[in-house]
Amino acid sequence: MIRFKSIVMRYGGFEALKGVSLEVPEGQLVTLLGPSGCGKTTLLRTVNRLIEPTEGTVFIGDRDVRGLDEVELRRGIGYVIQSIGLFPHMSVLENVVVVPRLLGWKKEKRETRAREMLALVGLEPPTFAGRYPRELSGGQAQRVGLARALAADPPVLLMDEPFGAVDPPTRERLQDEFQKLQSELRKTVLFVTHDLDEAVKISDRICLMSLGQVEQYDTPEALLRSPRTSFVQGFLGPSRTLLRLSRIPLSRLLEPPDGHHPSATIQHSVSAREAFSSLLANGLRSLGVTDDVGLLIGVVRLETLLAAASEEEP
Amino acid sequence: MSWREKSPHPLLVPLVGWGLVLVLFAQQSFWQGLLSTLFPSARSPIFERETLLNLALQHLAITAGAGALVILVGLPLAIFVTRPAGAAFRPLAENIVAVGQTFPPVAVLVLALPFFGFGSAGAVMALFLYGLLPVVRNSLEAFASLPSDVLDAARGMGYSRPQLLWRVELPLALPVILAGIRTSLVLILATATVAPLVGGGGLGVPIIAGLAVSNLAFVVQGAFGVALLALLLDWTLGRLELTLTPWRNGR
Ligand SMILES: Nc1ncnc2c1ncn2[C@@H]1O[C@H](COP(=O)(O)OP(=O)(O)O)[C@@H](O)[C@H]1O
Ligand SMILES: [Mg+2]
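Here the residue numbering is sequential within each chain, running from 1 through the sequence in written order. Each chain takes a letter, starting from A, and each ligand takes a number, starting from 1, following the order in which they are written. Residue-level local features of this predicted model are given only where pLDDT is at least 70; pairs of side-chain atoms are given and counted only at 80 or more, and the full residue set underlies all totals for whole chains, interfaces and linings. Here the side-chain values reflect all heavy atoms present in the structure, with hydrogen atoms and water set aside.

Focus on the overall build of chain A
In plain terms, the rule: Helix numbering and strand numbering both begin at the N terminus, where a helix is a DSSP run of H or I of at least 4 residues and a strand a DSSP run of E of at least 2. Put simply, the radius of gyration uses C-alpha atoms, and a globule should come to 2.2 Å times the residue count raised to 0.38. Three labels apply to residues, based on accessible area from a 1.4 Å probe with only protein chains included: buried if under 20% of the type maximum, exposed if over 50%, partly exposed otherwise in between.
Looking only at helices and strands, chain A features 14 helices and 13 strands. Relative to the compact-globule value of 20 Å for 314 residues, chain A shows a C-alpha radius of gyration of 22 Å, a close match. Viewed in the frame of its principal axes, chain A has a C-alpha envelope of about 65 × 50 × 30 Å. Out of the 314 residues belonging to chain A, those deemed buried represent 52%.

Considerations on empty space enclosed by the protein
Residue and element names in this part refer to chain A. The line we're drawing: The way it works is a 1 Å grid over only the protein atoms, where trapped points that fit a 1.4 Å probe form a cavity and open points with protein on both sides within 12 Å along at least five of seven lines form a pocket, and then any residue with an atom within 4 Å of a point lines it. Grid points are joined across faces, edges and corners, and a volume is the space filled by probe spheres set on the points. Gly falls in the polar group here, along with every residue not listed as nonpolar (Ala, Val, Leu, Ile, Met, Phe, Trp, Tyr, Cys, Pro) or charged (Asp, Glu, Lys, Arg).
Considering all chains together, one arrives at two cavities of 30 Å³ or more under this definition. Taken as a whole, the largest cavity holds about 70 Å³ of empty space. With three residues, strand S6 (residues 77–81) is the largest single contributor of residues to the lining of the largest cavity. Looking at the lining of the largest cavity residue by residue, the classes come out as eight nonpolar, two polar and three charged. In terms of lining residues, the second largest cavity is bounded by Glu52, Pro53, Gly56, Thr57, Val58, Asp64, Val65 and Arg66. With three residues, the single largest contributor to the lining of the second largest cavity is strand S4 (residues 55–60).

Let's talk about the interface of chain A and chain B
Heads up, the rule is: What makes two residues a contact is simply this: any of their non-hydrogen atoms within 4.5 Å. Buried surface area refers to the total accessible area, computed with a probe of radius 1.4 Å, that the two partners give up upon joining, counted for both partners together. Salt bridges are defined as contacts in which a side-chain nitrogen from Lys or Arg sits within 4 Å of a carboxyl oxygen from Asp or Glu. Pairing of N or O atoms within 3.5 Å defines a polar contact, subject to two protein rules: one partner must be a possible hydrogen donor and the other a possible acceptor, and residues neighboring in sequence count only if both atoms are side-chain atoms.
Taken together, the contacts link 26 residues of chain A with 23 residues of chain B. At the boundary of chain A with chain B, total buried surface from both sides reaches about 2200 Å², with 58% on carbon and sulfur atoms. Inspection of the chain A/chain B interface yields one salt bridge. Viewed at the interface, chain B and chain A are joined by five residue pairs in polar contact (both at pLDDT 80 or more).

Some remarks on helix H5 (residues 105–116) of chain B
Residues and elements named next belong to chain B. Which entries qualify depends on this criterion: This arc is built from the directions going out from the helix axis to the C-beta atoms.
Listed in full, the buried residues belonging to H5 are Pro105, Val108, Leu109 and Ala112. End-on view of H5: buried residues confined to an arc of 100°, all on one side of the axis. On the buried face of H5, the contacting elements are helix H6 (120–144) and helix H8 (161–191). In the segment just after H5, glycine 117 is the residue with positive phi, at about 70°.

Notes on the pairing of S6 of chain A
Residues and elements named next belong to chain A. Put simply, the rule reads: Strand pairing follows a simple DSSP-based rule, namely that at least 2 bridges must link the two strands.
The element S6 is extensively covered by neighbouring structure, given that five of its five residues are classed as buried. Burial along S6 is two-sided: the residues Ile77, Tyr79 and Ile81 and Gly78 and Val80 are all buried. As defined by bridge partners, S6 adjoins strand S7 (residues 156–160) across five bridges and the pair is classed as parallel. Paired with isoleucine 81 across the bridge in S7 is aspartate 160.

So, the nonpolar core
This is how the line gets drawn: In this description, a nonpolar core means a group of buried Ala, Val, Leu, Ile, Met, Phe, Trp, Tyr and Cys residues linked to one another through side-chain atoms lying within 4.5 Å.
Formed by 106 residues in total, the largest nonpolar core has its most connected members in Phe4, Leu43, Val47, Phe87 and Leu190 of chain A together with Tyr159 and Leu229 of chain B. With 13 residues, the top contributor of residues to this core is H8 of chain B. Excluding its chain neighbours within four sequence positions, the residues that come into contact with valine 47 of chain A are Ile2, Phe4, Val58, Ile60, Val65, Leu73, Ile77, Leu158 and Leu190 of chain A. In terms of nonpolar packing, the next biggest core, distinct from the first, is built from 33 residues, Val92, Phe128, Leu150 and Leu157 of chain A among them.

Here's the deal with the pairing of strand S1 (residues 2–11) of chain A
Each regular strand shows side chains that alternate between the opposite faces of the sheet. Of the strand pairs in this sheet, S1 of chain A and S4 of chain A are connected by five bridges, and their pairing is antiparallel. Counted as the bridge partner of phenylalanine 4 of chain A is valine 58 of chain A from S4 of chain A.

Some remarks on the site of ligand 1
Residue and element names in this part refer to chain A. For clarity, the cut-off: Nearness of a residue to a molecule or strand requires only that one of the residue's heavy atoms be within 4 Å of it. To be clear on the numbers: accessible area is Shrake-Rupley with a 1.4 Å probe, and residue cover counts the displayed protein chains and nothing else.
Taken together, Tyr11, Phe14, Ala16, Ser36, Gly37, Cys38, Gly39, Lys40, Thr41 and Thr42 form the complete shell of residues around ligand 1. Glycine 39 places a polar main-chain atom, nitrogen or oxygen, 3.0 Å from an oxygen atom of ligand 1. Lysine 40 is positioned with one of its backbone polar atoms (N or O) 2.9 Å from an oxygen atom of ligand 1. Expressed as a share of its isolated accessible area of 570 Å², the protein-covered part of ligand 1 is 59%. Of all the elements in the fold, those that place two or more residues in the shell around ligand 1 are strand S2 (14–24) and helix H1 (40–45). Among the elements that make up the shell around ligand 1, the one with the highest residue count is H1 (three residues). Considering only residue class, the shell around ligand 1 consists of four nonpolar, five polar and one charged.

Some words on the domain arrangement of chain A
How big an interface is tends to be reported as the loss of accessible area on association of its parts. Applied cut-off: Per the annotation, domain bounds derive from an automatic or database assignment of domains.
Once the domains are mapped, chain A shows domain 1 (2–242) and domain 2 (248–310). Look at where the C-alpha atoms of domain 1 of chain A and domain 2 of chain A centre, and you get two points 33 Å apart.

See the structure below:
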């Protein structure tokens, strides 16, 4: 658990954070969302003490981070940044085991761990272990950055726009894979983004910030359903109804097959939003839904999707 | 570690090169023959007080002495003034080092004479002052231009300050530092030709003697030796850069 208590950060006369209080529950993924310059990065960096706030206290568990040795503290926290910051003079393998090495792990244990981590983030160890960062694509480098942050199995992860620098298809794939990983690993994650879609997609809770303050802290569903201030309403914009669909798994809206042969099908594992896009794109009123091996398991109808999007919380 | 698969070792070739050049310098009678063919009118075509090999070795010894001092003083100096504790001394260090190079080496040699007396020590000191600038300037530049995202990531991972210096900053600064060392050593080697003015040895001895007695053969002998050594040194240090920073070259 990470807890911020009345964090104020002043640069000269400018207040970058104006008294932020927030709790990130154990095992949850919380995004700090908001326009550029609203203080997300500043808040994130108070956790591993790369920034010391002017006022206020950050707790990890029940311990004030100022009471911990800063080097020890940082080795216990995974850290991923947008520009990745891989060490150009180290091979991929050496990059991944930086923290285990700082922690004094034995060489065999480190290398075993590095191979596990590379496989975990979808990079075949034999191909990638010996490469240098300059020999990687943007998406591959970002995977290495994630493997590096996870290598020492820290309970807490700080991620500052980790998928911000890659092209949109790669970004979506990385988000999907990260989401899957997180559902297994259950780290306590503080995740900075300015991308509403991304936040809605991956968060357990979203902290929407503006000008150094928290505007609303809620689950994505609640945030989208009932924006509390006009800033939030404006930030979410007209697509919030559509965004609500991206939180609904398609399997929840499934109806049994109606006997007709569907003119288009979609995988059951996608979100209701993707089914909706597919209906619009194909100009249809219903879609067949298939399982992992392509067998028809049901249909989803446009009316069901529309109802789900506008439905009040039960 | 990444040269593991390549064979032979990339520094083997320069090593063989040095061996060959020294063997070449040792062929005193060959040089005598060559120079007397080229300068048939010269009274004595080859410098006889000292063999060519010995002159070359003296020259290398002076260069090595000054070069070692430059590295041992220049690099720590640059590291010190780029740490928070030493930042206040940075302008001072930069100025002293720059002044060291603006003085003509001959003037530095003569000014150093009262302190070090006649002999190679004075020459080494003067060349050290003269050669300090490229190493210090490049090292300062190298530490100032390290990628800030990499340093941020390193601090966030939990490197302590000394670990950050040894495992991240120095390796990343190394290419630019090595380029400075290369410039500096070649400069020192070429400038060491003036060492005989304060009683030092080296390949400058036949040049200066040749100028004094208008014997062109002596001058050619020294100048050719210096040029050959300078080229070889430059090439060797270039190879060394490649070997020490394998991460900069694609496979
Ligand atoms: N070192 C600094 N000195 C002065 N102002 C800063 C400094 N770091 C950040 N700021 C300011 O604080 C505000 C918040 O910055 P940041 O946390 O990086 O925003 P975000 O990550 O939300 O884009 C910005 O207005 C930025 O200009
Ligand atoms: Mg930011």
